[in-house]
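Residues per chain are reported as follows:
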Amino acid sequence: MTTATYSNDSASLRHYFSDLGNAARAFADALFAAQARQFVVQEVRASAPVAPAVKARGVRQLFSLARDVEHFSPNLAAELRNLATRD
């Protein structure tokens, strides 16, 4: 036969709530620290302009790749042509 006993030990209960409060505070600190990192101002640099010859070579490569995959993946070929025609 087993018996359950209830111990009115307020010290252990006090430690439990103290640990629970510390854990909640640490979670809130981590949450708000992660939230604050989202809004860090970053310097935006303009990229160097691409030379027309380099751009034309890339377009030719995309069209060539589209021709190579046309027979087994027409959707991929269409998407590659679409990418090639973008500015």
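Predicted, not measured: the structure shown is a model, and the values here were computed from it.

A.B. asks: Can you walk me through a nonpolar patch on the surface in this structure?
C.D. replies: A contiguous nonpolar patch, built from Leu13, Tyr16, Phe17 and Leu20 and spanning about 430 Å² of accessible area, is present on the exposed surface. In this structure, Phe17 sits in helix H1 (residues 10-37). By relative accessible area, which is 49% here, Phe17 ends up partly exposed.

A.B. asks: I would appreciate a short explanation of the environment of Glu79 in the present structure.
C.D. replies: Residue placement: Glu79 occurs in helix H3 (residues 74-85). By relative accessible area, which is 39% here, Glu79 ends up partly exposed. Residues Glu79 and Leu62 lie 17 residues apart in sequence; the distance between their C-alpha atoms is 9.8 Å.

A.B. asks: In this structure, what is going on with H3? I would like to understand it.
C.D. replies: Taking 1.5 Å as the rise per residue, H3 with 12 residues should run 16 Å; its terminal C-alpha atoms sit 17 Å apart, in good agreement. Within H3 the residues assigned to the buried category are Ala77, Leu80 and Ala84. Buried residues of H3, viewed axially, fall in a sector of 60°; they line one side. Facing away from the buried surface of H3 by more than 90 degrees, the exposed residues are Asn75 and Thr85. Buried-residue contacts for H3 involve helix H2 (52-69).

Rules and cut-offs
Residues numbered from 1 in each chain as written. Predicted model: local features only at pLDDT ≥ 70, side-chain atom pairs only at ≥ 80, totals over all residues. Heavy atoms only, no water. Patch = residues over 30% accessible without salt bridge, like charges linked within 9 Å, V, L, I, M, F, W, Y side chains within 5 Å. Areas by Shrake-Rupley, 256 points an atom, 1.4 Å probe, with all protein chains shown as cover. Salt bridge = Lys/Arg side-chain N within 4 Å of Asp/Glu carboxyl O. Helix = DSSP H or I, 4+ residues; strand = E, 2+ residues; numbered from the N terminus. Buried < 20%, exposed > 50% of the residue type's maximum accessible area, 1.4 Å probe, protein only. Expected span 1.5 Å × (residues − 1). Arc of directions from axis to C-beta. Contact = heavy atoms within 4.5 Å.

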